[in-house]
Amino acid sequence: MTRNKRLFLLIVLIFFNTSVFSQEDNTYKLSSVEISSGIPPIFGLIASNGIMVFPEELGKDSGGIVERNHHAQQLNIAFNWDRNRRWDFVAMAGITTGTYSIYQYRSWVSVMENGYDNGYWEGGPDLKQKKFELCNGYLSGFARVKYAYMKHAHLYSAFGVGIDIAMLTNYLPIMPYISPIGISIGETSKVYGFFETTLGTGGTLILAGLGVRL
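Because the structure is predicted, anything quoted here is derived from the model rather than measured. Counting starts from 1 at the beginning of each chain's written sequence and moves along it residue by residue. Per-residue local features of the predicted model are confined to residues with pLDDT of at least 70, and side-chain atom pairs are confined, for both listing and counting, to 80 or more; whole-chain, interface and lining totals are unaffected and use all residues. Excluding hydrogens and water, the side-chain values take into account all heavy atoms of the structure.

Enquirer: In this structure, what is going on with the overall build of the protein? I would like to understand it.
Expert: When helices and strands are counted, the protein shows two helices and twelve strands. Helix and strand definitions follow DSSP, with helices as H or I runs of at least four residues and strands as E runs of at least two, each counted in order from the N terminus. Sequence-ordered secondary structure for the protein, helices as α and strands as β, is α-β-α-β-β-β-β-β-β-β-β-β-β-β. Out of the 214 residues belonging to the protein, those deemed buried represent 33%. Here a residue-residue contact requires only that any non-hydrogen atoms of the pair lie within 4.5 Å. Look at the contacts in the protein between residues 6 or more apart in sequence, and 62% of them connect residues 24 or more apart. In this description, accessible areas are obtained by the Shrake-Rupley approach with a 1.4 Å probe, and a residue is regarded as covered only by the protein chains that are shown. Element-wise, carbon and sulfur atoms account for 65% of the exposed surface of the protein, whose accessible area totals about 13,100 Å². The buried label goes to any residue with under 20% of its type's maximum accessible area, the exposed label to any with over 50%, and the partly exposed label to all in between, with areas taken from a 1.4 Å probe on protein chains only.

Written out as structure tokens, the structure reads:
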């Protein structure tokens, strides 16, 4: 092969490789919106559960009211910049909510001991009201490292930081966002799903959601 032919072949190969990388960049410089949910962040979970009161601990001044059936929920919405086959960069906002039921006992039975009324409530309790409350909010920024590509999925790990909005008036509460392992399903689809183990402002232990590519 002559020198000119080798030079021409080299130019063709460089052009081909440049075109491939350019197409790959165009393919992966995408953005998407993600919605996810899971077990709330540990601080939000504590806030929504509150202090459990048992019937035998209710005093006369309580009016016979007790809270039961505490549940906490987490909802996140995020913007994801899918930079390339190695990195995603994500900005996420999340809220923790709580639901519980208020019950009321019907009557107070007085039991006088040493001049004190150490009585108890009886009858019922009857359901009085169901409550829903906003407990906390979080802002997070993190990166996903993608690997182990399959035909329709890939694995990833994530790391970053978040802020507990409810604590901002007192101090700047920086919290982590850590996901040791996650899986994204739907490599070429408009809508994809993901599931990860996580700890921090996104959730506790597990997080799952859907994304829509823009």
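Now that the structure has been shown, we can carry on.
Enquirer: I tried to follow a nonpolar patch on the surface on my own but got confused; where do I start?
Expert: A cluster of nonpolar side chains, namely V33, I35, L75, I77, F79, W81, W87, F89, I95, L134, F159 and L214, defines an oily patch on the protein surface of about 1,100 Å² accessible area. Here the nonpolar patch takes four residues from strand β2 (residues 65-82), the largest share from any one element. Along the chain, W87 falls in strand β3 (residues 87-104). Exposure remark for W87: the relative accessible area of 31% places this residue in the partly exposed category. Grouping into patches uses exposed residues only, defined as over 30% relative accessible area, and leaves out salt-bridged ones; the cut-off is 9 Å for like charges and 5 Å for nonpolar side chains (Val, Leu, Ile, Met, Phe, Trp, Tyr). The salt bridge criterion pairs a side-chain nitrogen of Lys or Arg with a carboxyl oxygen of Asp or Glu, the two atoms within 4 Å.

Enquirer: Can you walk me through the sheet that holds strand β12 (residues 204-213) in this structure?
Expert: The strands that make up a sheet are held in pairs by hydrogen bonds between backbone atoms, and each pair lies either parallel or antiparallel. At least two DSSP bridges between two strands are required for those strands to pair. Read around the closed barrel, the eight strands follow the order β1-β2-β3-β8-β9-β10-β11-β12; overall the barrel is antiparallel. Each neighbouring strand pair of the sheet contributes to a mean axis angle of 30°, computed without reference to strand direction. Summarising the sheet, strand β1 (residues 30-38) and β12 pair through seven bridges and their orientation is antiparallel. Its bridge partner lying in β12, E34 is registered against G211. Axis lines are fitted to C-alpha atoms, over the contacting stretch for helices. Their N-to-C directions set the angle, which ranges from 0 to 180 degrees.

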